[in-house]
Protein chains: 2
Amino acid sequence: MTGELLIGVDFGGTKILTGAMTADGEVVCDPVKLPTNGGDAPEKIIGRVTASIDEVLAKTGAEREDVAGIGMGVTGPIDIRNGRILECPQLPTLHFYPLKKMIEERYGRPVHMNNDANCLIYGETLFGSGVGMKNVVGFTLGTGVGCAIIIDRNIFVGNTESAGEIWPSPYRDGTIEDLVSGSGVSKIYRRITGCDKTARDISVLAEQGDSGALATWEEFGRHLSVAMSWTVNIIDPEAVILGGSISEAFKFFGPSMEDHFRKHICPTPARQTKVVCAKLGANAGFIGAAALAL
Amino acid sequence: MTGELLIGVDFGGTKILTGAMTADGEVVCDPVKLPTNGGDAPEKIIGRVTASIDEVLAKTGAEREDVAGIGMGVTGPIDIRNGRILECPQLPTLHFYPLKKMIEERYGRPVHMNNDANCLIYGETLFGSGVGMKNVVGFTLGTGVGCAIIIDRNIFVGNTESAGEIWPSPYRDGTIEDLVSGSGVSKIYRRITGCDKTARDISVLAEQGDSGALATWEEFGRHLSVAMSWTVNIIDPEAVILGGSISEAFKFFGPSMEDHFRKHICPTPARQTKVVCAKLGANAGFIGAAALAL
């Protein structure tokens, strides 16, 4: 099976998730999950990255020469072109670490890097909820808000590798991320109820029919629709993919989001643009990373 | 000079401006300008389009076989793929008119179409204030707000040919076009002074030091910066080009726009993204249209 295997590493601030797939997106073994422990010394963290790759190779029974390439989705900011980690707050010991070069030297295979949010949406586009589509935008809704732009089935990174970095965009008296984020959900709930809860708690409360939680998600949907409308009016994609932990509350924020979203985009996209949730789950990140090596 | 000439037609609601250029963007004769008279019968309007092309050919001394192609920038909405005018409010007698096919049959040369705002920014990117750049976004600020996206030196139109149609994007209690447009400038001035003036008048008043007019442009700059921030955060272009009649008031709205714009985009683009005014003037439209045939 020489050169047929793609390795993908989802290298986040809390965990390293590494897997292997074929060029058709077929995952060939259970992925390997290790903690990042981002405060450790560089050699320890990178040791866990290579240990996860070695374990995946062992599981698949593949040799290095069976690997077409290794893709890495790394928590940002990173320098994609030069394959370096930048001043990433979640990897404080790895600032300016030449990750691509080190992994290439270790395995003798081509290594590709992109940021983890881009990889997640890339994986979904090629092998998940965006299968068959060319132009897609995706939002990763978690602690903050990420946005990935896929044009012609490639991740579009722009001039300074900042395309899709919508978090500082102006909204009301601040930025869109003030409200479209996990802490934004908590902020809305606090304003409505006076209580402090995490987005996850507010999701559980909504399941139980709590009126403050339901009102929170209804309002969140309207704020999210603002980011989606601007992005869709600019890119005019076939679909918007919603991923990240907060997208799991879709049934609570989806209706208000859809209503406001369709009213603030052009007539033809309003009829045609799909809104779908990510469906590859935790695997999307390493699948999208592996796809960088396609 | 067989196949060396490009003809460009800027086909707007009020005028038809047609010119000829070389593949290097060199304009080879004075353009020909005719009124559109959009309410006339189709054959009369199209007769003026072909009369303008014929006159340009006569001026250059070129034969049909010298023409590599004809590009047409048409006031929208249009069906780019099929070369048809759609339900364009400025060309009420030409709804669903197969413009590309008719001009191709008449001249026996390849005809390319795009909307006029896209052509203006395309011309500026290739031969005006965006020379040498690959990724650019441009705003045409006139009666309304248009936005064109240039990726890899091509006009990016998206899935339903609506990419860059930012006018319905949510802003405050309405849409961005409520304030970022000629009528938006008038609206701001009316709120500040209680008087009704056109954007052009308000520009003249600003020249004279009128405080209401200066405050109007200062405020307009902040609203414009919102559209620019969202677009730059999504596309991360090398430059933003500002065109259209309202861009001529740049010296009045530029400082407040720049200030707010740089604060609402990511740090690297905030340092690197250029903001420039269109510089080809009235010729940009036909130059960009001609460039479609490159």
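Residues numbered from 1 in each chain as written. Chains lettered and ligands numbered in written order. Predicted model: local features only at pLDDT ≥ 70, side-chain atom pairs only at ≥ 80, totals over all residues. Heavy atoms only, no water.

(A) Representation of the interface of chain B and chain A. Contacts between the two partners involve 38 residues from chain B and, on the opposite side, 38 residues from chain A. Carbon and sulfur atoms supply 68% of the area that chain B and chain A bury against each other, a total of about 3,100 Å² over both sides. Ranking the residues of chain B by area buried against chain A places Pro-170, Trp-230 and Ile-234 of chain B at the top, with a combined share of 25%. Applying the counting criterion to the chain B and chain A interface returns zero salt bridges. By residue number, the principal contributor to the side of chain B that touches chain A is helix α6 (residues 211-235) of chain B, which donates eight residues. Here the side of chain B that touches chain A is built from residues that sort into 20 nonpolar, 14 polar and four charged. (Contact = heavy atoms within 4.5 Å. Buried area = accessible area lost by both parts, 1.4 Å probe. Salt bridge = Lys/Arg side-chain N within 4 Å of Asp/Glu carboxyl O. Helix = DSSP H or I, 4+ residues; strand = E, 2+ residues; numbered from the N terminus. Nonpolar A, V, L, I, M, F, W, Y, C, P; charged D, E, K, R; others polar.)

(B) Looking closely at the domain arrangement of chain A. Residues and elements named next belong to chain A. Taken domain by domain, chain A comprises domain 1 (5-121 + 283-291) and domain 2 (132-277). Look at where the C-alpha atoms of domain 1 and domain 2 centre, and you get two points 27 Å apart. Summing both partners gives a buried area of about 930 Å² for domain 1 against domain 2, and 60% of it is carried by carbon and sulfur. Counting the surface domain 1 buries against domain 2, the share from its top three residues, Arg-81, Asn-118 and Ile-121, is 60%. Summed over the shared surface of domain 1 and domain 2, the result is one salt bridge. Arg-81 serves as the salt-bridge partner of Glu-161, at 3.4 Å between the closest nitrogen and oxygen. (Domains from an automatic or database assignment.)

(C) How the structure looks around the relation of the copies chain B and chain A. Screw-axis analysis of chain B against chain A gives a translation of 0.0 Å along the axis, an RMSD of 0.0 Å, and a rotation angle of 180 degrees. A rotation of that kind, with that shift, is consistent with a two-fold axis. Here 100% of the contact residues of chain B are again contact residues in chain A; the copies associate through an equivalent surface. (Least-squares fit on C-alpha atoms with pLDDT ≥ 70 in both.)

(D) Summary view of the environment of Val-49 of chain A. All names here are of chain A. Mapped onto the secondary structure, Val-49 falls in helix α1 (residues 42-60). Using a relative accessible area of 0% as the deciding quantity, one classes Val-49 as buried. Sequence-wise, Val-49 and Leu-224 are 175 residues apart; in three dimensions their C-alpha atoms are separated by 35 Å. Among residues more than four places away in sequence, those in contact with Val-49 are Val-9, Phe-11, Ile-16, Met-72 and Ile-103. (Buried < 20%, exposed > 50% of the residue type's maximum accessible area, 1.4 Å probe, protein only.)

(E) Just empty space enclosed by the protein, in detail. All names here are of chain B. A complete count under the given rule lists one cavity of 30 Å³ or more for this structure. By volume, the largest cavity amounts to about 40 Å³. Shared between two domains, the lining of the largest cavity holds at least three residues of each, these being domain 1 (5-121 + 283-291) and domain 2 (132-277). (1 Å grid on protein atoms, 1.4 Å probe; cavity = no way out; pocket = protein on both sides within 12 Å on 5 of 7 lines; lining within 4 Å. Points joined across faces, edges and corners; volume = space filled by probe spheres on them.)

(F) Representation of the pattern of salt bridges within the structure. Evaluation of the coordinates by the stated rule reveals 28 salt bridges over all chains. Lys-100 of chain A is the salt-bridge partner of Glu-104 of chain A, the closest N and O atoms lying 3.0 Å from each other. Highlighted residues: Glu-104 of chain A and Lys-100 of chain A, both in helix α2 (residues 99-107), separated by four residues, approximately one helical turn. Glu-104 of chain A sits in the partly exposed class, given a relative accessible area of 25%. Two residues, Lys-101 of chain B and Glu-105 of chain B, come together in a salt bridge whose shortest N-O distance is 3.7 Å.

(G) Examining unusual backbone geometry more closely. Residues and elements named next belong to chain A. The linkage connecting Gly-76 with the following residue, Pro-77, adopts the cis geometry, with an omega of 0 degrees. On the secondary structure map, Pro-77 appears in the loop between β4 (67-74) and β5 (78-79). One non-glycine residue with positive phi stands out, namely Asp-152, at about 55 degrees. As for its position among the elements, Asp-152 is in the loop between β9 (145-151) and β10 (154-155). One non-glycine residue with positive phi stands out, namely Arg-153, at about 65 degrees.

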